[in-house]
Amino acid sequence: MSPGSLPRYIVQRLLLIVPMIWVILTLVFLVLRVAPGDPVTAAVGDRLSAEALAERRAALGLDRPLLQQYLEYLGNVARLDFGQTISDNIPIIDIVRDNGGATLTLALAGLLFALLVGVPLGAVAGRRRDSISDVVIRLFGVITYAAPVFFVGLLAKLFFSVQLGWFPTSDIATPITKFQVETRTRILLLDAALGGDTDAVIDILHHLVLPAVTLGLLLCGVFIRLVRVNMLQSLKADYVEAARARGITERRVTSAYAFRNALVPFVTVLGLQIALLLAGAVLTESTFNWPGLGTRLIDYITARDYIAVQGIVTLFAVVVVLISLLVDVVNALIDPRIRY
Amino acid sequence: MASIATTPTGAKPRRRSGLGRRLLSPVTRTTGVARWILVAGLLLTLVFVVAAVFAPWLAPYDFAQKRLADGQAFPKMTAPGGDHLLGTNDQFFDVLSRVVWGSRTAVEVVVLSIAASLVIGVPLGLVSGYLGGWLDRVLLLVMDALFAFPSLLLAIVFAFLLRDVLGGTVLADVLGVGVTSAALSLTVIYIPQYYRVVRNTTVSAREATYVEAARAIGASRWTVMRSYLFPNVVSSVPVIGTLNAADAIGTLAALGFLGLGIQPQEAAEWGYDLNRALDDTSAGIWWTGLFPGLAIVLLVTALTLVGEGLNETVNPTLRRRKLVAVVLPPRDEKVRS
């Protein structure tokens, strides 16, 4: 493989992922184990007798040396075994299976909204630098980014649910829908669609609108800013000048030349926004009682369940790292300039 | 010529001291929208800093006060107006007082967290970039992993733990356990950013002629780093600092909203108040959530505007400097005809 070739770049990028995930696993392990007290006492100390606690500590291997625990933990994670929660004895992997679908639905819907609204607004602001529309769009972008998702969610609930009564205040669907939809993929919206249940699909979409727009607005601000800056830079480029000199209309110059080139760096940075999207999803879920992984994470934090927190947090982090890798590889496929 | 063109006629050009001029240079060197953005951001930030410093005099009541001095209890969830300009919440607290005191908490946490991440991140970046070798590689790997980690989750994990660890330490006694643990959880998020910027600038500055010259006259590693590299690699730190401050306000509120931040008796915190207000929405009560939320939006917007304004002056690819208009002498039409 010659230097700068595509397969070489992908292999390099893949190899980098191993130490990255290892460091993350080690950090989370150390941070949660160095903490005073042990996980069992923290989670169920007030409910069980001293003997029962000691028994559970032994069962979890917490009485063994830290190094041994660490190696076992790495071995388990390699087999995708993230352990069991202490407070209610559920395997972490089951929590992810049962709640991951709701988080995925919310995150994708939010991302879609942000792309449909943020990218065009950013392009318009970039093309008309310093005009009224630029100032208004930038201010909109700054404010939507500045407003915490839970505040936007609170206002949305107050106005659209309580005042106008247009949308439900919380949850992913009405109890009847949840009961009736047959479980196939464990993604409720997909299951309802596969079952051909139109009423259920409409009910879920109805519940999805406010959370998705709330989460989408957060990303919208970031997208406007990124697209605008890239648009400004690509409008200064020589190829834009050349296109204008050839007499190509201004409309075509901005849409076909400047805008398309502005999207390349945008897609690159899109990978970095996955972390923001997930963090936003955790907060949106808490605001709307959306039954996803974020809500579960907060439940286990309140229960002081270290193993559950460790498992869910590690999983989130690994997903973020993997997605940013994927974005990098896709980018290298699209744009040859990235593989140096 | 330039001074004539930019000074309004009749006004004497004021002389500012060296430091004053340097501090104001981002404002004086920009024009148009960028300048307005910067000035608006600075003014708005100033409002919150004033509220933070003078909170005891500006707020009508204490942040955890439930009754008047004569023992008469505050009404619960009363609408804005009368004795309580912004109403009271479900814990009998006065909303206006909580909003004003909240700015003190926000400023304390932001200043502490940014200062701590500067003190740790900048020297680490300098040493790592200048010395290189295995230390550089290990630090780079750890910092990259921290950077890739979703920042809110990182803050959640640390806030979850630090409350237990910090009890009884000096810092916690002075500022309170909640404020200290929140600030230090935020510190962990921002260290990698300063580290990366400083390290990368150091790596490219290491081979510069002035560093070589310093080494040639026998300067020690420590002297090179402190007197030669440091002043040259910190130029981008203010922009990152302001943007981090904006981010810190949001993350602090998020921690409070999730119940991991500061307890209501310890200090007023906007995120915590918003969490309580969420339950009030179904009854149509809007004032308990609207005002703390607006405070967050305004302060984050202000800091973002300052950061954007600074960025447009510091980043040469975006900068637009003042240009002195070129005035051509009027053409003499008679000569031509």
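Everything below is about the structure printed above this text.
A quick note: this is a predicted structure, and the numbers were derived from the prediction, not measured.

1. Regarding the overall build of chain B
Alright, step 1. From N to C terminus, chain B includes 15 helices and zero strands.
Alright, step 2. Out of the 337 residues in chain B, the part that is buried amounts to 47%.
Alright, step 3. Taking the contacts inside chain B whose residues are at least 6 apart along the sequence as the reference set, 72% of them involve residues at least 24 apart.
Alright, step 4. Taken as a whole, chain B presents about 16,900 Å² of accessible surface, with 64% of it coming from carbon and sulfur.

2. Some points on the packing of helix α5 (residues 95-131) of chain B against helix α6 (residues 133-148) of chain B
Residues and elements named next belong to chain B.
Alright, step 1. For the pair α5 and α6, the least separation of the axes is 7 Å and the interaxial angle reads 135 degrees. In terms of axis orientation, α5 runs oblique to α6. In the crossing of α5 with α6, the sense of the turn from one axis to the other is left-handed. Residues L124, V127, S128, G129 and L131 of α5 touch α6, and the partners they reach there are G133, L135, D136, L139 and M143.
Alright, step 2. In terms of residue class, the contact of α5 with α6 is built from six nonpolar, three polar and one charged.

3. Some details on the nonpolar core
A general feature of soluble globular proteins is that nonpolar side chains tend to end up buried together.
Alright, step 1. Formed by 148 residues in total, the largest nonpolar core has its most connected members in I249 and W270 of chain B.
Alright, step 2. Two domains each provide a minimum of three residues to this core, namely domain 1 (1-87 + 303-340) and domain 2 (94-302) of chain A.
Alright, step 3. Sequence-distant contacts of W270 of chain B, defined by excluding residues within four places in its chain, comprise F48, R98, V99, G102, S103, A106, I249, P292, A295, I296 and L299 of chain B.

4. Re helix α13 (residues 273-288) of chain A
All names here are of chain A.
Alright, step 1. Taking 1.5 Å per residue as the helical rise, α13 with its 16 residues ought to reach 22 Å, and the 22 Å between its terminal C-alpha atoms agrees with that figure.
Alright, step 2. In terms of residue burial, α13 counts as a mostly covered element, since 15 of its 16 residues are buried.
Alright, step 3. Phi turns positive, to about 50 degrees, at N289, one or two residues after α13.

5. A few points about the packing of helix α5 (residues 92-127) of chain A against helix α14 (residues 293-302) of chain A
Residues and elements named next belong to chain A.
Alright, step 1. Axis separation between α5 and α14 bottoms out at 7 Å; the angle between their running directions is 130 degrees. The orientation of α5 with respect to α14, classified from their angle, is oblique. On α14, the residues that touch I95, V96, N99, G100 and T103 of α5 are L293, G294, R296 and Y300.
Alright, step 2. Looking at the contact of α5 with α14 residue by residue, the classes come out as four nonpolar, four polar and one charged.

6. With respect to the pattern of salt bridges
Side-chain pairs of opposite charge can arise whenever the charged atoms involved come near each other.
Residues and elements named next belong to chain A.
Alright, step 1. One pass over the full model with this rule turns up nine salt bridges over all chains.
Alright, step 2. One salt bridge connects D98 with R97, and the closest N-O pair in it is separated by 3.3 Å.
Alright, step 3. Among the residues examined, D98 registers a relative accessible area of 40% and is labelled partly exposed.
Alright, step 4. R97 gets classed as partly exposed once you look at its relative accessible area, which sits at 41%.
Alright, step 5. Across the salt bridge formed by R228 and D134, the nearest N and O atoms sit 3.0 Å from each other. Linking R228 in helix α10 (residues 198-235) with D134 in helix α6 (residues 132-146), this pair joins segments that are 94 residues apart in sequence. The pair formed by R228 and D134 is uniform in burial state, with each residue classed as buried.
Alright, step 6. Overlapping salt bridges bring together D94, R97 and D98 as one network.

How each quantity is defined
- Residues numbered from 1 in each chain as written.
- Chains lettered and ligands numbered in written order.
- Predicted model: local features only at pLDDT ≥ 70, side-chain atom pairs only at ≥ 80, totals over all residues.
- Heavy atoms only, no water.
- Helix = DSSP H or I, 4+ residues; strand = E, 2+ residues; numbered from the N terminus.
- Buried < 20%, exposed > 50% of the residue type's maximum accessible area, 1.4 Å probe, protein only.
- Contact = heavy atoms within 4.5 Å.
- Areas by Shrake-Rupley, 256 points an atom, 1.4 Å probe, with all protein chains shown as cover.
- Axes fitted to C-alpha atoms, helices over the stretch in contact; angles between N-to-C directions.
- Parallel < 35°, antiparallel > 145°, perpendicular 65-115°, else oblique.
- Left-handed = near helix turned anticlockwise from the far one by under 90°.
- Nonpolar A, V, L, I, M, F, W, Y, C, P; charged D, E, K, R; others polar.
- Core = buried A, V, L, I, M, F, W, Y, C linked by side-chain atoms within 4.5 Å.
- Domains from an automatic or database assignment.
- Expected span 1.5 Å × (residues − 1).
- Salt bridge = Lys/Arg side-chain N within 4 Å of Asp/Glu carboxyl O.

The analysis is restricted to geometry; functional conclusions fall outside its scope.
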